Amino acid sequence: MQQRILSGLVLGLVLAVTSSVTIQAGEKKIWITIGDKAYQELKQIAPNTILSESRLVESGTAGFSIQETVRLVQVEQSAIQALSGAIHEKLKRCGGFIEHSSEAVGRMALGNTAAGYSPAPAIASLAPSYVIDNQSTVTPLLTQMQATNIGQTIVDLSAFVNRYYTTTGGVNGSNWIRDKWLALANGRSNVTVEQFTHAGFPQKSVIMTMQGTDNASEVVILGGHLDSINTAGTTETTKAPGADDDASGIASLTEAIRVMLASNYQPRRTIKFIAYAAEEVGLKGSAEIAKKFKADGVKVIGVMQLDMTNYKGSAKDIYLYTDYTNAAQNSFVSNLITTYQPTLTIGSDSCGYGCSDHASWHAQGYPTSMPFETAMSESNPKIHGAGDTYANMGSQANHALKFGRLATSFAVELGSDGPALPPSTISLTKDVSVAIAGAADAQTNYSFVVPSGVSNLTFKTSGGTGDLDIYAQLGSLATPTSYLQKSDGANNTETITIAAPTAGTYYVLTNAASAVSGASLIASYQTTSSGNVLTSGVAVSLGSVALNGTKTYTIVVPSGKSSLTLKLSGGTGDGDLYAKLGAAPSTTTYDKKSDGATNAETITFSAPQAGTYYVLVKAYAAMNGASLLATIQ
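Residues numbered from 1 in each chain as written. Predicted model: local features only at pLDDT ≥ 70, side-chain atom pairs only at ≥ 80, totals over all residues. Heavy atoms only, no water.

Some thoughts on the overall build of the protein
Then, number 1: Along its length, the protein carries eleven helices and 29 strands.
Then, number 2: A compact globule built from 633 residues should have a C-alpha radius of gyration of about 26 Å, whereas the protein, at 32 Å, is more than 25% larger.
Then, number 3: Expressed along its principal axes, the backbone C-alpha trace of the protein runs to roughly 95 × 60 × 45 Å.
Then, number 4: Evaluated residue by residue, the protein yields a buried proportion of 52% over its 633 residues.
Then, number 5: Here the analysis covers contacts within the protein between residues at least 6 apart in sequence; of these, 82% occur between residues at least 24 apart.
Then, number 6: Of the roughly 24,800 Å² of accessible surface on the protein, 51% is carried by carbon and sulfur atoms.
Then, number 7: Charged side chains of the protein number 41 positive and 47 negative; the gap between the two group centres comes to 4 Å. (Helix = DSSP H or I, 4+ residues; strand = E, 2+ residues; numbered from the N terminus. Rg over C-alpha atoms; globule rule 2.2 N^0.38 Å. Buried < 20%, exposed > 50% of the residue type's maximum accessible area, 1.4 Å probe, protein only. Contact = heavy atoms within 4.5 Å. Areas by Shrake-Rupley, 256 points an atom, 1.4 Å probe, with all protein chains shown as cover. Lys, Arg positive; Asp, Glu negative; His and termini not counted. Charge placed at Lys NZ, Arg CZ, Asp CG, Glu CD.)

As structure tokens, then:
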């Protein structure tokens, strides 16, 4: 979404109002950014509020134009609970402000608003496909999810007297979630659960990480907040069960975690589930985490926030909030609902500045969505007090189950994506035959990795009855119409020979022109002759090497040696060196290389491992008269 400045700065104003909370002299003051309507309530609460800067921004997504003035102010810390209560009671919403560690940090946050929340550098070039194509994985997971499990988690979390960010209950609530998620992980090696320690308050956020496989550097985030508040004032003994706000969101996520782990789901992207600390007092926990992720360059490609999921107070089932969220991702979330929960109805609404933890990620340039239980004006009237209990939601979690299923589909659809996977094939081993049999028109794909510096690559079929044809291709699957070479005689005796193969993965298609039985396929190539073995201290003449021609050599390094030096010199042309331990290198796969503009090239291995080193010489320009010298010390 894009935002723009519609007004300038207002500096150094001190606001005076007639009604306020009682402030003690010398009390600690904090900096917050605050939306317009919440600011009007603040003026009635804290007459000593100092306005540092304001900006009018456009915060809606495409088709939902929303303008809101956001201000940076300094306020007494004791006013925060009263402010939160006023926002809930009078504006019928949550949040509305974000706390910052200093005026400078607050100005930077407001500046990001002015810049339109440009994408974080780590994700600027990333764009998820948003194609829904994992039904075979998602659908079975959704059928396993149970409202009773969600309900029990709500009961357990709301059993704490409160989970306020400074109280013992708040600390213990974090520990309870950590232990619950650890039990669900059950020792899986690719799953970790940790607590994130925050500066300035004791409650910790909880982060579960499901490590991705081949696309692990891209991260999907799903979160809810673990703290609760009583806006009449929260102490160690104040009741603030927070069953809906937000034990329900944590419970919906926990059920998603349960079915994903129980089914041994393995994502390609990394998925993180986060229970944020201190949301109710200015998004403290999520703001610190989101800033750290951006500073660390983490490639977060999508964020979903579940804040309150179990109060069915509006006509529609799930409301997607359109301000401070990402339009493309919101469309994706809507499509997830219609695909996997087609009986549900979808609404849209806005919640204003800083209404929940998704705003922290949005402020750092990451794409966010917040599906919510109701329209904002019809949200649960019991929250932020002693009445936010499971009993007051009918002692059932049917509504929260919808959000748990949505979270699961979001996690799996985004978590299962990444670069195109290599084709599914049967791997061939050099000089090891595999049996082939099949009905007419049966096809099977095989793959065979060929190193550099070899010659006379062959694929041969023989034996049995029938008529088998073979097709070979480099780098992609072969077909009867797309191939590098083929052999399609009238029986099972077929041979493909590639005299000077390029290093890489070759794919072989076997196609039964008629039913085949008892045939076999074997792949082979010729390796470098023993005459290309280097001796330490003895130079080898390379003679003439044509443009792009190659020669491969080997040398065995004993243990305990201090160095191995490979030196190309003399003659004319431009030769490059590539070296690798244990296998022949290529121009793209090597341990070390030297590729200057002449034949003067040197590679040095300090404290080399014992073993056979392979050396590839490639003529970037035609070579003549050069020599190669290996020295072991």
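Considerations on the packing of aromatic side chains
Two descriptors summarise a pair of aromatic rings, namely the distance from one centre to the other and the angle between the planes of the rings.
Then, number 1: The final tally for this structure, using the stated rule, is 13 aromatic pairs.
Then, number 2: Where F293 meets W361, the ring centres are 5.3 Å apart and the plane angle is 90°; that geometry is what we call edge-to-face. One end of the pair, F293, is in helix α8 (residues 284-295); the other, W361, is in helix α10 (residues 358-363), and 68 residues separate them in sequence.
Then, number 3: With a relative accessible area of 9%, F293 lands in the buried category. (Phe/Tyr/Trp six-rings, centres within 6.5 Å; stacked < 30°, edge-to-face > 60°.)

So, the nonpolar core
Then, number 1: W181, M208, L222, M260 and F273 are the most contacted members of the largest nonpolar core, which totals 59 residues.
Then, number 2: Counting residues per element, this core draws most heavily on helix α7 (residues 243-262), at ten residues.
Then, number 3: Residues within four places of M260 in sequence aside, it is in contact with L141, R188, M210, Y265, I271, F273, T408, A411 and V412.
Then, number 4: In this structure, V73, I87, F97 and V281 belong to the second largest nonpolar core, which totals 24 residues. (Core = buried A, V, L, I, M, F, W, Y, C linked by side-chain atoms within 4.5 Å.)

Observations regarding helix α5 (residues 147-157)
Then, number 1: Those residues of α5 that sit buried are A147, I150, G151, T153, I154 and L157. Angular distribution of buried residues about the axis of α5 spans 160°; they occupy a single face of the element.
Then, number 2: For α5, the elements touching its buried residues are α6 (168-185), α7 and α11 (398-415). (Arc of directions from axis to C-beta.)

Overview of the sheet that holds strand β14 (residues 371-372)
Two pairing modes exist for strands in a sheet, parallel and antiparallel, and in both the strands are linked by backbone hydrogen bonds.
Then, number 1: Strands sit in the order β12-β11-β14 across an open sheet of three strands; the sheet is mixed. With partners counted over all chains shown, the strands left at the sheet margins are β12 (346-349) and β14, one partner each.
Then, number 2: In the sheet, strand β11 (residues 318-321) pairs with β14 via two bridges, with the strands oriented antiparallel. The residue of β14 that forms the bridge with L320 is P371.
Then, number 3: Its contacts with the sheet put helix α9 (residues 327-340) on β11 and β12, and the angle it makes with β11 is roughly 170°. (Pairing = 2+ DSSP bridges. Axes fitted to C-alpha atoms, helices over the stretch in contact; angles between N-to-C directions.)

Section: the confidence of the model for the protein
Then, number 1: Per-residue confidence for the protein gives a mean pLDDT of 87, with 90% of residues at or over 70.
Then, number 2: Every residue in residues 1-25 scores below 50 in pLDDT, and together they form 74 contacts with partners more than four places removed in sequence or on other chains.
Then, number 3: Segment residues 117-122 is flagged for pLDDT under 50; beyond a separation of four residues in sequence, or across chains, it makes 18 contacts in the model. (pLDDT = per-residue confidence, 0-100.)

Quick word on the sheet that holds strand β6 (residues 191-196)
Then, number 1: Read from one edge to the other, the open sheet built from six strands follows the order β6-β7-β9-β8-β10-β13, with strand pairing classed as mixed. One side of each edge strand has no neighbouring strand; the edge strands of this open sheet are β6 and β13 (368-369).
Then, number 2: Relative to β13, strand β10 (residues 299-305) runs parallel, the two being bridged by two bridges. Note on β13: the bridge partner recorded for V303 is T368.
Then, number 3: The strands that α8 touches are β6, β7 (205-210), β8 (215-225), β9 (269-276) and β10; relative to β9, the one it contacts most, it runs at about 155°.

A word on the pairing of strand β19 (residues 465-474)
Then, number 1: Burial within β19 is extensive, with seven of its ten residues counted as buried.
Then, number 2: Two strands pair when backbone bridges link them, and β19 and strand β22 (residues 504-526) are joined in this way by nine bridges, in the antiparallel orientation. When the sheet's bridge partners are listed, D469 is paired in β22 with N511.
Then, number 3: Summarising the sheet, β19 and strand β20 (residues 485-487) pair through three bridges and their orientation is antiparallel. Counted as the bridge partner of Y471 is K486 from β20.

Overview of the side chain of S205
Then, number 1: With respect to the helices, strands and loops of the structure, S205 is situated in strand β7.
Then, number 2: Residue S205 is classed as buried on the basis of its relative accessible area, which comes to 0%.
Then, number 3: A distance of 2.7 Å separates polar atoms of two side chains, one belonging to S205 and the other to H198.
Then, number 4: Those residues in contact with S205 that sit more than four places away from it in its chain are E194, Q195, F196, H198, L226, A275, Y276, A277, G285 and I289. (Polar contact = N/O pair within 3.5 Å; in protein donor to acceptor, adjacent residues only side chain to side chain.)

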